[in-house]
Amino acid sequence: MAIPAKLPQVLKSSIVPEMLMKQQQQLVMLGLVFVFVLFPIAAADDPYRFFTWNITYGTIYPLGVPQQGILINGQFPGPDIYSVTNDNIIVNVFNSLDEPFLIHWNGIQNRRNSYEDGVYGTTCPIPPGRNFTYILQMKDQIGSFFYFPSLAFHKAAGGFGGIRILSRPMIPVPFDTPADDFTVLVGDWYKSNHTDLKAILDGGNELPFPDGILINGRGPNITSYTVQQGNTYRFRICNVGLQSSLNFRIQDHKMKVVEVEGTHTLQISYSSLDLHVGQCSSVLVTADQPPHDYYIVASTRFTTPVLLSTAFLRYAGSSQPASGPLPWGPTIEVDWSLNQARSIRTNLTASGPRPNPQGSYHYGMINTTRTIRLSSSSGQVGNKQRFAINSVSFVPPDTPMKVADFFQIGGVFRVGSVSDYPTGGGIYLDTSVMGADYRAYIEIVFENTEDIVQSYHLSGYSFFVVGMDGGQWQSDSRNGYNLRDAVSRCTVQVYPNSWTAIYLALDNAGMWNLRSEFWARQYLGQQLYLRVYTPSSSLRDEYPIPKNALLCGRASGRRTRPF
């Protein structure tokens, strides 16, 4: 699909007040002058793409009942971001809600610039009635990602959308250009307003079972994708839900996986594909069946009951509706999912965002200097439900840690407040920050002693998923690691009573969020921040706080330094 060459259309006056409209027009007129003064970081030949978003509440009906949703420019889900490797993305976000708001760019690495990550540990929220301009660069990235709101359980109300990063024209892609490129956002959903769900968690209780599954913000039998017989199409599928692993499939059609969160993969065809919370995959689907409508199905994995939603693959010109039984998908089979995950590997003959084969980086031949073992747990603290990593349940401080770090404000957090390994003790509250050395090469082992599938995300990075298996991780588990063509991604699952190991090159200085993608668990403490530190003050290593940064907490009233 072609990348839009024009700037996004400004919001209609019926949505945005006249003063806000003038501000938006001024932003576009300032253009590159504004960007270079504010944040002169990118090469002059890297294109700029401007977006102006207005965040509002609105009534939505995704499961047939009215509820309060979060809209972007009046849309639910929000608009897709189309970009190319190294593009500079300028998103001016106006918060028209009655509470603070942040957007997180899931999978976008924001090289050397964790201030733009859009999570509370690094960024002050946008107050009601104010705006903030995010300045991102898709530096050396390709692939399929998404964005979503990160505060106050807003994710349960919407505010999410897809991100596509295409390869630059001179970089070969290991498949022919598809006839079209579709974003497919799937996820579990509640009929209750996000404020009611947040109140349940704040009251010390766990959420009930979700009410349904959405496909691009809609319930069963509404969403459709039109194809021409004989053509091949790309589907970028992301699980943007709150807690449920999903299986995705298309009736009578194979799906060839070609990319996972920025990595070109071996091109293996599957009848159905598991996507755990926070994960994205690209598949190619060829319209090679008789021309009529076919069911698209997304269903929950490892749950009782199984939730299911349907959409349609429609052949152009056909009036014959979809028929027959829905395509089969796995339900509780953990081994099935584990084997599929192990089969998804890097395509070593494909180029990445730069003109050199990704396989030239021999990650398995580099010695790691540190092993971190992270174990999830749940329990009661003060008669309220909490979740933890290595027994520490994260408590947000009064000032974002990255902001406090820049201004050298003491007492906000303590590096080393979470251990490198499970302590076996009870859960306690703290602002958990783990220190790490810039340019180190480390091993992280996620350990899951619970009966659920976990999903973890690390902001600012992609990592090599070198191993996963059942039982308890031991040092000799390394004998089974994939040290040749493991997939590199930013979100990884950990199966029940199992472990998953990753290798990570700490080449992105800053403060980065490592969290459970089960959003209630994240909200109730199952997260930490990795402080990747360098004493260098060079812009080659890390950018200083942006001149337009919002300041809050103990940093209120201070001035950011000019560049």
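Once a new chain begins, its residue numbering starts again from 1 and follows that chain's sequence as written. For a predicted model such as this one, the threshold for reporting local features is a pLDDT of at least 70, and the threshold for listing and counting side-chain atom pairs is 80 or more; totals across whole chains, interfaces and linings nevertheless cover every residue. Based on all heavy atoms of the structure, the side-chain values leave hydrogens and waters out of the count.

**Describing the overall build of the protein**
For clarity, the cut-off: Under the DSSP-based scheme used, a helix requires at least four consecutive residues in state H or I and a strand at least two consecutive residues in state E, with every element numbered from the N terminus. Note on method: radius of gyration uses C-alpha positions; expected globular size equals 2.2 Å times residues raised to 0.38. Relative accessible area decides the class of each residue, using a 1.4 Å probe on protein chains only: under 20% of the type maximum gives buried, over 50% gives exposed, and in between gives partly exposed. Any two residues whose heavy atoms approach within 4.5 Å are treated as being in contact. Accessibility throughout is a Shrake-Rupley quantity obtained with a 1.4 Å probe, and a residue counts as covered only by protein chains that appear here. When charges are tallied, Lys and Arg are placed among the positive residues and Asp and Glu among the negative ones, while His and the ends of the chain are skipped. Think of each charge as sitting on NZ of Lys, CZ of Arg, CG of Asp or CD of Glu.
Counting its secondary structure elements, the protein contains five helices and 33 strands. In terms of overall size, the protein behaves like a compact globule, its C-alpha atoms giving a radius of gyration of 23 Å where 563 residues would be expected to give roughly 24 Å. Projected onto the principal axes, the alpha-carbon positions of the protein cover approximately 65 × 60 × 50 Å. Expressed as a percentage of the 563 residues in the protein, the buried residues total 60%. Taking contacts inside the protein between residues at least 6 apart in sequence as the whole, the part at least 24 apart equals 78%. Looking at the protein as shown, the accessible area adds up to about 21600 Å², and 51% of this sits on carbon and sulfur atoms. Side chains of the protein give 43 positive and 42 negative charges; the mean places of these two sets differ by 6 Å.

**A closer look at the sheet that holds strand β9 (residues 181-189)**
Here is the rule: By this definition, two strands are paired if DSSP reports at least two bridges between them. Here an angle of 0 to 180 degrees is reported between the N-to-C directions of two axes, which are lines fitted to C-alpha atoms, with helices fitted over the stretch in contact.
Strand order in this open sheet of six strands is β10-β9-β12-β17-β14-β15, and the pairing throughout is mixed. Taken across any chain shown, the strands that pair with only one partner, and hence form the sheet edges, are β10 (212-215) and β15 (263-270). Pairs of neighbouring strands in the sheet enclose a mean axial angle of 25°, with direction left out of account. Note: β9 against strand β12 (residues 232-239), six bridges, orientation parallel. Bridging across to β12, V184 finds its partner in I237.

**Things to note about helix α3 (residues 334-343)**
Quick reminder of the rule: Directions pointing from the helix axis toward each C-beta atom define the arc.
Those residues of α3 that sit buried are S337, L338, Q340 and A341. Looking down the long axis of α3, one finds its buried residues gathered within 165° of arc, a one-sided arrangement.

**Some thoughts on unusual backbone geometry**
Residues F76 and P77 are joined by a peptide bond in cis, for which omega reads -10°. Assignment of secondary structure puts P77 in the loop between β2 (67-72) and β3 (81-84). Omega for the peptide link from T304 to P305 comes to 0°, which places this bond in the cis form. Along the polypeptide, P305 turns up in the loop between β18 (293-300) and β19 (308-315). Unlike most non-glycine residues, N110 shows phi in positive territory, near 45°. Looking at the element boundaries, N110 is found in the loop between β5 (103-106) and β6 (131-137). Assessed through its relative accessible area of 4%, N110 is described here as buried. One non-glycine residue with positive phi stands out, namely N221, at about 65°. On the secondary structure map, N221 appears in the loop between β10 and β11 (224-227). Overall, N221 belongs to the partly exposed group, its relative accessible area being 45%.

**Points about helix α2 (residues 194-202)**
Within α2 the residues assigned to the buried category are H194, L197 and L201. One side of α2 holds all its buried residues, which, seen down the axis, span an arc of 60°. Buried residues along α2 sit in contact with β1 (48-60), β2 and α5 (519-523). Within two residues after α2, G204 carries a phi angle of roughly 90°, on the positive side.

**A closer look at the pattern of salt bridges**
What counts, and what does not: Salt bridges are identified by distance alone: a Lys or Arg side-chain nitrogen within 4 Å of an Asp or Glu carboxyl oxygen.
In this structure the tally under the stated criterion is 22 salt bridges. Each member of the salt-bridge network shares a partner with another, and the members are D80, R164, D181 and R236.

**A closer look at the side chain of T263**
Worth spelling out the cut-off: Polar contact is the term for a pair of N or O atoms within 3.5 Å; when the atoms are in protein, one must be able to donate a hydrogen and the other to accept it, and sequence-neighboring residues count only if both atoms are side-chain atoms.
Along the polypeptide, T263 turns up in strand β15. One polar contact links the side chain of T263 to the main-chain carbonyl oxygen of S488, over a distance of 2.5 Å.

**Section: the confidence of the model for the protein**
We apply this condition: The pLDDT score gives, residue by residue, the confidence of the prediction method on a 0 to 100 scale.
Summary statistics for the protein give a mean pLDDT of 91 and a share of 91% for residues scoring 70 or more. Ignoring residues within four places in sequence, the model shows residues 1-44, a span with pLDDT below 50, making 65 contacts including any to other chains.

**Considerations on the packing of aromatic side chains**
Both the distance between ring centres and the angle between the ring planes are used here to describe each pair of aromatic rings. We count it as follows: In this scheme Phe, Tyr and Trp rings, the latter by its six-membered ring, pair at centre separations within 6.5 Å, and the angle between planes marks the pair as stacked below 30 degrees, edge-to-face above 60, and tilted otherwise. Here, a charge over a ring means that NZ of Lys or CZ of Arg falls within 6 Å of the ring centre while also lying within 35 degrees of the ring normal.
Taken as a whole and assessed by the stated rule, the structure comprises 26 aromatic pairs. Residues F148 and W519 carry aromatic rings whose centres are separated by 5.1 Å and whose planes lie at 90° to one another, so their mutual orientation is edge-to-face. With a gap of 371 residues between them, F148 in strand β7 (residues 143-149) and W519 in helix α5 connect regions that are remote in the sequence. Using a relative accessible area of 0% as the deciding quantity, one classes F148 as buried. Taking relative accessible area as the criterion, W519 reaches 2% and is therefore assigned buried. One aromatic cluster in this structure is built from W53, W105, F132, Y134 and Y147. Directly above the ring of F148 sits K155, whose terminal nitrogen or CZ lies 4.5 Å from the centroid. We note K155 situated over the ring of W519; from NZ or CZ to the ring centre the distance is 4.8 Å.

**Considerations on the pairing of β1**
A large share of β1 lies buried, amounting to eleven of its 13 residues. Here eight bridges tie β1 to strand β4 (residues 88-95), and the two strands are oriented parallel to one another. When the bridges of β4 are listed, R49 appears paired with I89. As paired strands, β1 and β2 are joined by six bridges and run antiparallel to one another. The residue bridging I60 from the neighbouring strand is Q67, located in β2. Linkage of β1 to β2, two consecutive antiparallel strands, is achieved through a turn of six residues, within which G64 is found at a positive phi near 90°.

**Details of the pairing of strand β32 (residues 510-516)**
β32 sits mainly inside the fold: seven of its seven residues count as buried. Both faces of β32 are covered, namely the face carrying G510, W512, L514 and S516 and the face carrying M511, N513 and R515. As paired elements, strand β27 (residues 454-458) and β32 share three bridges and run antiparallel to each other. Within the sheet, the bridge partner assigned to Y456 lies in β32 and is S516. Relative to strand β33 (residues 527-533), β32 is paired through six bridges, and the arrangement is antiparallel. Bridge pairing links G510 to V532 in β33.

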